[in-house]
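Each chain is listed here by its residues.
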Amino acid sequence: MKQYKVGVIGATGMVGQRFVTLLENHPWFRLTAVAASARSAGKTYEEAVGSRWLMQTPMPEEAKKLVVLNASNVAEVAAQVDFVFCAVNMKKDEIKALEEAYAKAECPVVSNNSAHRFTPDVPMVVPEINADHIEIIPAQRKRLGTKRGFIAVKSNCSLQSYVPALHPLRGYGITDVLVCTYQAISGAGKTFETFPDILDNVIPYIGGEEEKSEQEPLKLWGKIEGDQIVSAQSPRFTAQCLRVPVSDGHMGAVFVRFANKPTKEQMLEAWKTFRGPAQELNLPSAPKQFLHYFEENDRPQPKLDRMLENGMAVSIGRLREDNQYDYKFVCLSHNTLRGAAGGGVLLAELLAAKGYFD
C-alpha cells in the first residue's frame, strides 16, 4: 500500500488530537497538514494546542512543528494532502458547507461530524458492518461534479457499542431494541477538570443523542437504491442516553426481541465467530477479534476493558433471558477510539484499500 498524505481539520480539539496521535507511525497515512480556526492559524501545532493537550500520550514529534493552517482556506489545505479527516466544532450547516467545499476541491473528506450522516448519497460506515455502502461514492461524485472528491462519515460514537453486538444476530429477525447508553464525558469533549458538574453526578440528557441512537442504526442496515442509501424499516429502536462520570468508554444496556428467538449458545457463537470486511482485508487498525464476550458477571467495565485491542474492539457481557424482551446484555466500546477518531481511521483504511483515494 502506498503512503497517503493526510490532513486533520479541527486538529486542536479532543477528537482532532486523537486523530493526530493515531496517525503517528501509521503504515499507510502520513500527517502533513493540520488546520483549525483562524485564531490558531499561523502558530505551530504545539503552540496552538498549548496546555490543552488532552491525550494520555505525548504530542507526536512530527506534529509539533507543523504550522496550523486556517481550515477555511480550502485550496491551501487541499493542495498539501491526499485526503482529510474532519473533526471541527461548528454549526451543522457550516460543517456541511465546509466539507462540501473540500470535496469539490477534489480533496476526499472522512468526517467525524454528524452534519452529513443523513445526506442520502453520503456513506455512513462502520467497516465491519456496512463496508459496501462506500459503493455510493460514484453517485455522490456525480452530484458534486468531482473526480476524486467525496465525503464519507462514521456513525455516532454511542452506536459503536451496541450495533456491532446486534449485527451478527440479524439473521434471527430482530424486531425490537431498547437501549440505555451510559456515556463518558470525553464524548462531550470534556475532562474531569473541565466538567466539574459531572463529579458525583449523572446527567440524564445528551442533546440529539437519543434521536441518533434510534435512527442511525437503520441507515447502517439500509441498502443502496439508485443514487441514494435507503434506511432499513426495522427493527424498532428506543433509546435513553445518560452522561456518567467516566473519562472514556460508552456502555449500552440492551434489550432485544426476535422473530425467531435464538438460543443463548447461538448468540455466543455468532459473536465469537463474527468477522467483517475490516478483518477480512486485514486493515491496520482493525481488531483481530471484533466482539469479545466476558463470562464474569461484573464485566465489561470501562476502566478495565475500554482499551481492548487498542480500543477498537467491542466488549459484551451479562447475556441473559428477559421476562419482557427475549434477551438482555451489556456492551462497551471506547468512544474516542472505536467511536470517533479510531473509527474514522479504520474507515479511511477501507477507502484506501478499495482505491477511493487514488
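See the structure above.
The structure reproduced in this document is the subject of the present report. Only a predicted model underlies this, so the values are computations on that prediction, with no experimental measurement involved.

1. Focus on the pattern of salt bridges
Piece 1. Scanning the model with the defined rule gives 15 salt bridges in all.
Piece 2. One salt bridge in this structure joins Lys104 and Glu100, with 3.8 Å as the shortest N-O distance. With Lys104 and Glu100 both in helix α5 (residues 92–104), this residue pair falls four residues apart, about one helical turn.

2. Remarks on the sheet that holds strand β14 (residues 327–333)
Piece 1. In space, the six strands of this open sheet follow the order β10-β7-β11-β14-β13-β12, with mixed pairing throughout. Both outer strands of the open sheet, β10 (236–243) and β12 (291–294), are each paired with one neighbouring strand and no more. For this sheet, the mean angle separating the axes of adjacent strands, direction not counted, is 20°.
Piece 2. Pairing of strand β11 (residues 250–258) with β14, which is carried by seven bridges, proceeds in the antiparallel orientation. Directly across from Met251, in β14, lies its bridge partner Leu332.
Piece 3. Along the sheet, helix α9 (residues 209–220) contacts β7 (174–183) and β10; its crossing angle with β10, the most-contacted strand, is approximately 140°.
Piece 4. This element, helix α10 (residues 264–273), spans β11, β12, β13 (314–321) and β14 of the sheet and lies at about 175° to β13.

3. Describing the pairing of strand β2 (residues 29–36)
Piece 1. Of all eight residues in β2, seven are buried, a share of seventy percent or more.
Piece 2. Direction of pairing for strand β1 (residues 4–9) relative to β2: parallel, over a ladder of six bridges. Each bridged residue has a counterpart across the sheet, and for Val8 the counterpart in β2 is Val34.
Piece 3. Between the parallel elements β1 and β2, the chain passes through helix α1 (residues 14–23) in a crossover that is right-handed.
Piece 4. Bridge count for β2 against strand β3 (residues 69–70) is two bridges, and the pairing is parallel. What sits directly across from Ala35, in β3, is Leu69.

Reading the values: the criteria
- Residue indices follow the written sequence of each chain, beginning from 1 at its first position.
- This being a predicted model, a pLDDT of at least 70 is required before a residue's local features are given, and a value of 80 or more before pairs of side-chain atoms are given or counted; all residues contribute to the totals for chains, interfaces and linings.
- The side-chain values count all of the structure's non-hydrogen atoms but skip hydrogen atoms and water molecules.
- By definition, a salt bridge exists where a carboxyl oxygen of Asp or Glu is found within 4 Å of a side-chain nitrogen of Lys or Arg.
- Under the scheme used here, helices are H or I runs from DSSP no shorter than 4 residues and strands are E runs no shorter than 2 residues, and both carry numbers assigned from the N terminus.
- Pairing between strands is defined by DSSP: at least two bridges between the two strands are required.
- Angles here are taken between N-to-C directions and fall from 0 to 180 degrees, while the axes themselves are lines fitted to C-alpha atoms, restricted in helices to the stretch in contact.
- When checking whether two residues touch, look at their non-hydrogen atoms; a contact exists if any pair is within 4.5 Å.
- When a residue's accessible area, from a 1.4 Å probe over protein chains only, is under 20% of the maximum for its type it is buried; when over 50% it is exposed; and in between it is partly exposed.
- Looking down the strands as they point away from you, a crossover is right-handed if its path from the first strand over the helix to the second goes clockwise.

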